[in-house]
Amino acid sequence: QSQQSQQSQQSQQGGHRAAPQASPQHHEAQTQTRASQSMPAAGHAQPQHAAAQTQTRAAATPTHPRRTSAVSAEELEASATLTSTPLLDSFYEDGLVEDNVFSILFCGDLASMAVGGVDTTQVSSADTQGLTFVDTQKTYDQIYGYFLVEVESVAVDGTTVSTDSSDLNEIGGVLVDSGTTLIYLPSEVTSAIETKVETAVPSLESSFFQWSSCVEESELENFPNITLGLTDYNLNLSPYQYLLWYSDCYYWGISSSSIPIIGNVALQGKLVVFDKETNQIGFAEGDCTDYGGTSFDNDDSASSKTAEDAVVPQDAGVVSQGMGNQVLAAVQGTASQMSGTVVAGAALVAVGVAFVVARGRGKNYASVPGAEDDEVSI
């Protein structure tokens, strides 16, 4: 978060003091004195003395033979390049898991992660479509650098507000990133969504879309649903999946960016499968029954404190602000870190990780072992 400078704080407190200034006569006298000190007297430039000093310095400077490197420029460049293997890829390469896949079930304060397979029992029985996969896209059509999905349209309560796929998928697709808190879309799309939401909920103030005010849960029934039309799949978002819960209140969870991202808030209550082996992402409505549903805890327990830290940096300049300003500072900090820094989602507080030795290929994933086997909590 950007901090006010000490000078700005002094200005607000009336603490500015003008620096003392010398009188014009005194300044002129100083200038003349400096000039007289720097200029030699007429007829005494002494060029021979300056040459003698130069020769003395040259004689005192030691000479060393020039050294040449035995390492070529190509070898130096190669040694300066650091490479590493992501942890989950290491599991796959070392044979600890058979499938290069992981899945996450997002359930409010809690989440469940399976490595090397998918716990298909976490798919909600109410999801008639079941686990549906879409192809991931190459970044700028070059490499599979991110989990990108192609978004063909955006709709609010069934009314399409954007079909500009070139703008939505400028880098190849829209990122699916559990580590980004909010949803980020092009500014024109964000503005169109805000207009539709304002129409559906006339009681909203303009400050709501600036994270300066929030709404209570009882008001969510008036909010429309948002649909992100992916290739062969509609990612339907209820108000719970595009509004950011914080301290028993809901804040606007969509912001503008030239790099669109489907962040953590949009994944709540969903099972998401990241399959690197087939370059696909799977979506399904999740069953959070075993994790207390998709609600958030509002007490002062350790997990609740962790959620608070994830959203609001513990900074003296932020703590002294009101709740609305704290959230505003937090989400603005998120937006300013789009260059690659990942901001942890508030909901991903406690994660159960299960290592799955999958026995099949494709979509035939193995069951997750029980807690007495390979499951750990972090």
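That block above? That's the structure.
So, a few notes on the structure that sits alongside this text.

This part covers the overall build of the chain. If you tally the helices and strands in the chain, you get 10 helices and 18 strands. Put simply, the chain has 378 residues, and 39% of those count as buried. For the chain, the exposed surface amounts to about 21,700 Å²; the carbon and sulfur share of it is 48%.

With that settled, the discussion passes to the pattern of salt bridges. Throughout the structure, instances matching the rule amount to two salt bridges. Residue Asp-89 is joined to Lys-276 by a salt bridge in which the shortest nitrogen-to-oxygen separation is 2.8 Å. Of the two residues, Asp-89 sits in helix α5 (residues 87-93) while Lys-276 sits in the loop between β15 (270-275) and β16 (280-285), which places them 187 residues apart along the sequence. Looking at Asp-89, the relative accessible area reads 13%, which means it is buried. Judged by its relative accessible area of 32%, Lys-276 is partly exposed.

Over its 14 residues, helix α7 (residues 187-200) extends 20 Å from the first C-alpha to the last, a length consistent with the 20 Å expected when each residue adds 1.5 Å. Residues of α7 that are buried: Val-189, Thr-190, Ile-193, Glu-194 and Val-197. Taken end-on, α7 shows its buried residues confined to a sector of 135°, consistent with a single buried face. Away from the buried face of α7 by more than 90 degrees, exposed residues Glu-188 and Thr-199 are located.

It is worth spelling out the nonpolar core at this point. Ile-193, Phe-223, Ile-226, Tyr-242, Trp-252, Ile-262 and Phe-283 are the most contacted members of the largest nonpolar core, which totals 59 residues. Not counting residues up to four positions away in its chain, the partners in contact with Ile-226 are Val-154, Ala-155, Val-156, Ile-193, Leu-235, Asn-236, Leu-237, Tyr-242 and Ile-254.

Before going further, it helps to examine the side chain of Thr-180. With respect to the secondary-structure elements, Thr-180 resides in the loop between β7 (174-176) and β8 (183-185). Polar contacts involving the side chain of Thr-180 include one to the side chain of Asp-177, which spans 2.6 Å.

Here we take up the state of the cysteines. As enumerated under the stated definition, the model contains two disulfides in all. Shown here is the disulfide that connects Cys-107 with Cys-288, its sulfur atoms set 2.0 Å apart. Looking along the S-S bond of the Cys-107-Cys-288 disulfide, the torsion reads about -80°, which is the left-handed sense. Of the two residues, Cys-107 sits in strand β1 (residues 101-107) while Cys-288 sits in the loop between β16 and α8 (302-311), which places them 181 residues apart along the sequence. Relative accessible area serves as the criterion here: at 1%, Cys-107 is assigned to the buried category. Put simply, Cys-214 and Cys-249 are joined by a disulfide, and their sulfur atoms are 1.9 Å apart. The disulfide joining Cys-214 to Cys-249 has a torsion of about 95° about its S-S bond and is therefore right-handed. With Cys-214 in the loop between α7 and β9 (226-230) and Cys-249 in the loop between β11 (243-245) and β12 (250-252), the pair connects residues that are 35 residues apart, well separated along the chain.

Reading guide: rules and limits
Residues numbered from 1 in each chain as written. Predicted model: local features only at pLDDT ≥ 70, side-chain atom pairs only at ≥ 80, totals over all residues. Heavy atoms only, no water. Helix = DSSP H or I, 4+ residues; strand = E, 2+ residues; numbered from the N terminus. Buried < 20%, exposed > 50% of the residue type's maximum accessible area, 1.4 Å probe, protein only. Areas by Shrake-Rupley, 256 points an atom, 1.4 Å probe, with all protein chains shown as cover. Salt bridge = Lys/Arg side-chain N within 4 Å of Asp/Glu carboxyl O. Expected span 1.5 Å × (residues − 1). Arc of directions from axis to C-beta. Core = buried A, V, L, I, M, F, W, Y, C linked by side-chain atoms within 4.5 Å. Contact = heavy atoms within 4.5 Å. Polar contact = N/O pair within 3.5 Å; in protein donor to acceptor, adjacent residues only side chain to side chain. Disulfide = S-S within 2.5 Å.

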